[in-house]
Structures are given as structure tokens and as C-alpha cells.
Amino acid sequence: ARAAAHSSWARTVDRTARTKAGREAFMRRFEDQVDPKRELSDDDRLRRAEHAKKAHFAQLALKSSRARQLARGNGHGAASGGRARHSDHDLGKP
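Predicted, not measured: the structure shown is a model, and the values here were computed from it.

(A) Layout of the overall build of the protein. What the protein contains, in helices and strands, is three helices and zero strands. Starting at the N terminus and walking to the C terminus, you meet the elements of the protein as α-α-α. Across the 94 residues in the protein, those meeting the buried criterion constitute 15%. Put simply, of all contacts in the protein between residues at least 6 apart along the chain, 14% involve residues at least 24 apart. In the form shown here, the protein has an accessible surface area of approximately 7700 Å², with 54% of it arising from carbon and sulfur atoms.

(B) Expanded view of the pattern of salt bridges. By the definition in use, this model includes nine salt bridges. Lysine 20 is the salt-bridge partner of glutamate 24, the closest N and O atoms lying 3.9 Å from each other. Taken together, the residues glutamate 24 and lysine 20, both in helix α2 (residues 15–34) and four residues apart, mark about one turn of the helix. For aspartate 42, the salt bridge goes to arginine 45, with nearest N and O atoms at 2.5 Å. Taken together, the residues aspartate 42 and arginine 45, both in helix α3 (residues 42–72) and three residues apart, mark about one turn of the helix. One connected set of salt bridges, linked through shared partners, spans Glu31, Asp32, Asp35, Arg38, Asp42 and Arg45.

(C) Here's a closer look at a nonpolar patch on the surface. Together, Phe26, Phe57 and Leu60 give the surface a local cluster of nonpolar side chains, amounting to about 260 Å² of exposed area. Inspection of the secondary structure puts phenylalanine 26 in helix α2.

(D) View of the packing of α2 against α3. Across the interface, α2 lies against α3 with an axial gap of 8 Å and an inter-helix angle of 105°. Viewed along their axes, α2 and α3 adopt a mutual orientation that is roughly perpendicular. Note on element contacts: α3 touches α2 through Arg45, Leu46, Arg48, Ala49, Glu50, Ala52, Lys53, His56 and Phe57, opposite Phe26, Met27, Arg29, Phe30, Glu31, Gln33 and Val34. The class makeup of the residues in the contact of α2 with α3 is eight nonpolar, two polar and six charged.

(E) Representation of the packing of aromatic side chains within the structure. Evaluated as defined, the whole model comprises two aromatic pairs. Ring geometry for phenylalanine 26 and phenylalanine 30: centres 5.1 Å apart, planes at 85°, overall edge-to-face. Of this pair, phenylalanine 26 and phenylalanine 30 both sit in helix α2, four residues apart, which is roughly one turn of the helix. Centroid distance phenylalanine 26 to phenylalanine 57: 6.1 Å. Interplanar angle 55°. Geometry classified as tilted. Of this pair, phenylalanine 26 sits in helix α2 while phenylalanine 57 sits in helix α3, and the two are 31 residues apart along the sequence. The class of phenylalanine 26 is partly exposed, set by a relative accessible area of 32%. In this structure an aromatic cluster arises from ring pairing among Phe26, Phe30 and Phe57. The side chain of arginine 18 reaches across the aromatic face of tryptophan 9, ending 3.8 Å from its centre.

About the cut-offs
- Residues numbered from 1 in each chain as written.
- Predicted model: local features only at pLDDT ≥ 70, side-chain atom pairs only at ≥ 80, totals over all residues.
- Heavy atoms only, no water.
- Helix = DSSP H or I, 4+ residues; strand = E, 2+ residues; numbered from the N terminus.
- Buried < 20%, exposed > 50% of the residue type's maximum accessible area, 1.4 Å probe, protein only.
- Contact = heavy atoms within 4.5 Å.
- Areas by Shrake-Rupley, 256 points an atom, 1.4 Å probe, with all protein chains shown as cover.
- Salt bridge = Lys/Arg side-chain N within 4 Å of Asp/Glu carboxyl O.
- Patch = residues over 30% accessible without salt bridge, like charges linked within 9 Å, V, L, I, M, F, W, Y side chains within 5 Å.
- Axes fitted to C-alpha atoms, helices over the stretch in contact; angles between N-to-C directions.
- Parallel < 35°, antiparallel > 145°, perpendicular 65-115°, else oblique.
- Nonpolar A, V, L, I, M, F, W, Y, C, P; charged D, E, K, R; others polar.
- Phe/Tyr/Trp six-rings, centres within 6.5 Å; stacked < 30°, edge-to-face > 60°.
- Lys NZ or Arg CZ within 6 Å of the ring centre and 35° of its normal.

Pasting the structure below:
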């Protein structure tokens with residue numbers, strides 16, 4: 001399946017056109033979240049949907065960060081005293 005997918009993408013001339021329906025469906029998810037009855041103006045709904053999408057990705061980033069901390073053993077649980085441990089390097093110090 002992976003080889004077939006790579007072959008298919010290798011033959012794709014217009015990648016943007018090929019993924020358009022998926023991008024539109026993804027954005028529609030956020031439009032439905034902020035205006036399920038379609039009562040807002042198009043501009044206002046799109047502006048709010050963009051913010052909802054940004055919030056979604058910010059939440060994913062936070063979950064990813066927490067998972068990486070736990071994987072490193074720097075979780076906020078009882079074993080770490082409730083605080084994350086950072087080296088000077090983690091804090092941007094030389």
C-alpha cells in the first residue's frame with residue numbers, strides 16, 4: 001500500500017487540486033464547530049473557524065509536549081515532585 005501511494009503521488013501533477021476536498025472538509029469541521037446553524041456571515045464564520053483550528057493545533061502541541069516530558073521522565077507526577085525538571089539547556093541558557 002505504501003509503494004502504491006508513493007507511485008500515485010509521483011504521477012500527481014497538481015497536488016493542491018488533489019488534496020482540495022480534504023482541506024475543505026477539514027476546515028468545514030471547524031466552521032461547524034463555531035457556527036453549526038450557519039447564522040454568521042461568511043467572513044465572521046471563517047475568522048472564527050481559523051481561530052478554532054489554531055486552538056485545536058495548540059492543544060495538540062500541548063499534548064505532544066506533555067507526552068515528550070513523560071517519555072523523558074520529566075512528568076509532573078509525584079515522582080518529579082509535581083514540577084518539571086529543566087536543565088539550563090532546556091531553558092535556552094548556554
